[in-house]
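Chain and residue survey
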Amino acid sequence: MKFGKRACIINVGGARYAFPQDVMKDFPLRRLSRLHSCASEREVLEVCDDYDRESNEFFFDRHAEAFGFLMVYAQHGTLRVAPHMCELSFYNEMLYWGLESAHLEFCCQRRLDERMSETYTRYGDEDRRSEAEGPHAHRDAKWLERMRRTFEEPTSSVAAQILASVSVIFVIVSMVMLCASTLPDWKTAESNEVEEHRYTEYLEKDEYRIIEAVCIGWFTAECLVRFIISRDKCKFVKRPLNIIDLLAIAPYYVSVTMTVLTGENSQLQRAGVTLRVLRMMRIFWVIKLARHFLGLQTLGLTLRRCYREMVMLLVFICVAMAIFGALAQLLEHGLDLKSGNEEYASIPAACWWVIISMTTVGYGDMYPITVPGRVLGGLCVVSGIVLLALPITFIYHSFVQCYHELKFRSARCTRSLSAEFLN
């Protein structure tokens, strides 16, 4: 080998780079710096794919474009993911050359973390173990996997679509019954003040309870089946949608238990604020529709990815509320305590006016009456438009990206569903 030569030539996927020997010694890419310490051609071939002794050229059968971005990092100290390249593929190139995810810029590192959190690499350990145990165990494993896809992916098969449709129908029925129970006529039917309508009222309440029990029974059975066939029970409990399912189901059983313990017509039952709160918590049923509708899934994924932007938006609003609230209280009430605007008697009250003005809602329940207060109100409205618009661009682009990702995933499942239907 001719390490004493003036330059070493690195050939990566056809792209050639020449480096002096002293540069190779302390090169930022660890795989290239290892070449300098190689004492034999055998050690060189453990680092690269091929070596030409005559030209002192080292060949690497790797992605040339990705290596170009790594060279930019070696020269300028800035590393970004190559455009039109999968984040995971680029990360594999980084690992090959001796870099870690911490070397990436923050925005690219965030993209990589999100992609890695959404990608589940499944190894064939379970399949190999089931084959070793016998064909019967392999059939059981395939049956369980089919059941999981049926309950977790509504577009994976015809049975999954039918199951999802039935679940949506139960959600709609339960929401209609919950909303109807708050109508004035319904509340009148629940009271026992009029003796002549007591029989009819009991029938209406019984019908409502039967429908409610049937819906809760369906949701409970669905949740239990999905829990039983899940691979990892701990991960199942930690998933947001499963937590929402539990929050939607648990209040019914708690309210039934309290009804049994306190009595249906007791004073504690009628005046219990806890029961009314638990009853309203059943509104979480509507979030179950996120399992079956792409739009709600896109919204949830966008909120999860843009939580930093959402926190930044809340910080903007809180800072503006503190500043404009204090100024509004001072201009409208603090300068003249006797004839000041009583609606701005405190900063918390003024903060309500600030948030309504910044969001351009304008209820009209309170407004400034002094000239300085009106000028401050105009500045509050204009600044609210500007501050609220700043993070919206990032949230919008993330929403579009999430929508296309979920749409592509849904189209892929639909193609597999069509193939299954034809077969």
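Relevant structure appears above.
First, a word on scope: everything that follows refers to the structure included in this document. (Residues numbered from 1 in each chain as written. Predicted model: local features only at pLDDT ≥ 70, side-chain atom pairs only at ≥ 80, totals over all residues. Heavy atoms only, no water.)

1. A short note on the nonpolar core
Ranked by size, the top nonpolar core spans 34 residues in total, and within it I10, L32, L35, F58, F60, F90 and W97 carry the most contacts. Of all the secondary-structure elements, those providing two or more residues to this core are β1 (7-12), α2 (30-36), α3 (41-47), β4 (57-60), α4 (64-76), α5 (87-97) and α6 (106-118). Among residues more than four places away in sequence, those in contact with F90 are A66, F69, L70, L79, R80, V81, A82, M85 and L104. With eleven residues, the next largest nonpolar core counts A328, Y344, L376 and C380 among its residues. (Core = buried A, V, L, I, M, F, W, Y, C linked by side-chain atoms within 4.5 Å. Buried < 20%, exposed > 50% of the residue type's maximum accessible area, 1.4 Å probe, protein only. Helix = DSSP H or I, 4+ residues; strand = E, 2+ residues; numbered from the N terminus. Contact = heavy atoms within 4.5 Å.)

2. Quick look at a nonpolar patch on the surface
A cluster of nonpolar side chains, namely F293, L296, L299, L303, F399 and Y403, defines an oily patch on the protein surface of about 520 Å² accessible area. Sorting elements by how many residues they give to the nonpolar patch places helix α16 (residues 294-305) first, with three residues. Inspection of the secondary structure puts L299 in helix α16. (Patch = residues over 30% accessible without salt bridge, like charges linked within 9 Å, V, L, I, M, F, W, Y side chains within 5 Å. Areas by Shrake-Rupley, 256 points an atom, 1.4 Å probe, with all protein chains shown as cover. Salt bridge = Lys/Arg side-chain N within 4 Å of Asp/Glu carboxyl O.)

3. Quick look at unusual backbone geometry
The phi angle at N56 is positive, at roughly 55 degrees, despite the residue not being glycine. In this fold, N56 is placed in the loop between β3 (50-52) and β4. Exposure remark for N56: the relative accessible area of 0% places this residue in the buried category. Although it is not a glycine, H84 adopts a positive phi angle of roughly 60 degrees. Mapped onto the fold, H84 is located in the loop between α4 and α5.

4. Concerning the packing of aromatic side chains
Evaluation of the coordinates by the stated rule reveals eleven aromatic pairs. Relative to F27, the ring of F19 lies with its centre 5.0 Å away and its plane at 70 degrees, an arrangement referred to as edge-to-face. For F27, a relative accessible area of 8% corresponds to the buried category. The interplanar angle of 10 degrees and the centroid separation of 5.1 Å between the aromatic rings of F170 and W218 together place this pair among those described as stacked. Of this pair, F170 sits in helix α9 (residues 158-180) while W218 sits in helix α11 (residues 198-229), and the two are 48 residues apart along the sequence. A connected cluster of aromatic rings, assembled from ring pairs, spans Y17, F19, F27, F60, F67, Y96 and W97. Residue placement shows R31 over the ring face of Y96; its charged tip is 3.8 Å from the ring centre. Note that R62 overlies the ring of Y96, its terminal NZ or CZ placed 4.0 Å from the centroid. (Phe/Tyr/Trp six-rings, centres within 6.5 Å; stacked < 30°, edge-to-face > 60°. Lys NZ or Arg CZ within 6 Å of the ring centre and 35° of its normal.)

Taken by themselves, the reported measurements are silent on function.
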